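Fold and contact review
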Amino acid sequence: SSLGPSTSENFPWNVEGEQLRMSTNAAGEIDLSISGTPAKVLMAEGNLQGPEIRFDQGNSLIYLDHPGEFTVPASLLNQQAGAAEWLQAPHFRWKGHLVFDGAMIRIVGDIEFSGAFRQGVELFRIQGFCDRINLQLSEPIDLRGDTRKTLEASLAKVKQIVLLDKIDIRLSQTDLQHNRK
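Residues numbered from 1 in each chain as written. Predicted model: local features only at pLDDT ≥ 70, side-chain atom pairs only at ≥ 80, totals over all residues. Heavy atoms only, no water.

**Thoughts on the overall build of the protein**
- Along the protein, the regular secondary structure elements total 1 helix and 12 strands.
- Its helices and strands in sequence order give the protein the pattern β-β-β-β-β-β-β-β-β-β-α-β-β, from N to C terminus.
- Taking all 181 residues of the protein together, the buried fraction comes to 38%.
- Summarising the internal contacts of the protein: among those between residues at least 6 apart in sequence, 51% fall at separations of at least 24.
- Element-wise, carbon and sulfur atoms account for 50% of the exposed surface of the protein, whose accessible area totals about 10200 Å². (Helix = DSSP H or I, 4+ residues; strand = E, 2+ residues; numbered from the N terminus. Buried < 20%, exposed > 50% of the residue type's maximum accessible area, 1.4 Å probe, protein only. Contact = heavy atoms within 4.5 Å. Areas by Shrake-Rupley, 256 points an atom, 1.4 Å probe, with all protein chains shown as cover.)

**A few points about unusual backbone geometry**
- Looking along the chain, the bond that leaves threonine 37 and enters proline 38 is cis, with omega of 0°.
- Residue placement: proline 38 occurs in strand E3 (residues 30-43).
- Phi at serine 60 is positive, roughly 55°, even though this residue is not glycine.
- Among the secondary structure elements, serine 60 is positioned in the loop between strand E4 (46-56) and strand E5 (61-64).
- Given the relative accessible area of 11%, serine 60 is considered buried.
- Unlike most non-glycine residues, aspartate 110 shows phi in positive territory, near 50°.
- Position of aspartate 110 relative to the elements: it lies in strand E9 (residues 104-119).

**Section: the packing of aromatic side chains**
- Counted according to the given criterion, the structure contains 2 aromatic pairs.
- Taken together, a centroid distance of 5.1 Å and an interplanar angle of 20° make the contact between phenylalanine 117 and phenylalanine 124 stacked. Neither phenylalanine 117 nor phenylalanine 124 differs from the other in exposure class; each is buried.
- A network of ring pairs unites the aromatic residues Trp86, Phe117 and Phe124 as a single cluster. (Phe/Tyr/Trp six-rings, centres within 6.5 Å; stacked < 30°, edge-to-face > 60°.)

**Digging into the side chain of glutamate 69**
- Within the secondary structure, glutamate 69 sits in strand E6 (residues 68-71).
- A polar atom in the side chain of glutamate 69 sits 2.9 Å from the side chain of histidine 91.
- In contact with glutamate 69, not counting residues within four places along its chain, are Asn47, Leu48, Gln49, His91, Phe92, Arg93 and Trp94. (Polar contact = N/O pair within 3.5 Å; in protein donor to acceptor, adjacent residues only side chain to side chain.)

**Describing the side chain of asparagine 14**
- Summarising the element assignment, asparagine 14 is placed in strand E1 (residues 14-16).
- Taking the relative accessible area as the measure of exposure, asparagine 14 reaches 8% and is therefore buried.
- A polar side-chain atom of asparagine 14 sits 3.4 Å from a polar atom in the side chain of glutamate 16.

Given below as structure tokens:
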């Protein structure tokens, strides 16, 4: 069941799950836990899902201590002239955990990833495996304040994706008529 409105301009994301636990500390900072089979946070065209998703505003963290999946929202991808144009946003599935501290998304543990992008007139499909991935943002997102206003005002983009440990990448390349290169 959905724990939030399915469409609303007042919320930057939609939350789906079976249980929601929320508390605040003396400073008014939120500690939120969404659980489900799976729990989901939908952000524009991206999503984060797993058995339990935690938001610890006091420590400026969003994390999953369990296996899960993450599709990068297109709004976080660099769409500047000359940059690769993502046709299928990067998607990650892991068996370890994910931590987002506002500046970097760190994923650990037997990760499977995929995506598709265009660079000039060439199309590329990428898939692979590794043990750790870091997605560095161009500027940090402040998770301690009004997150709705922060996300709306943020110009943060994924600056780089770094694959670490036990890397296995498969890349296929075609032209615009889908002829293999």
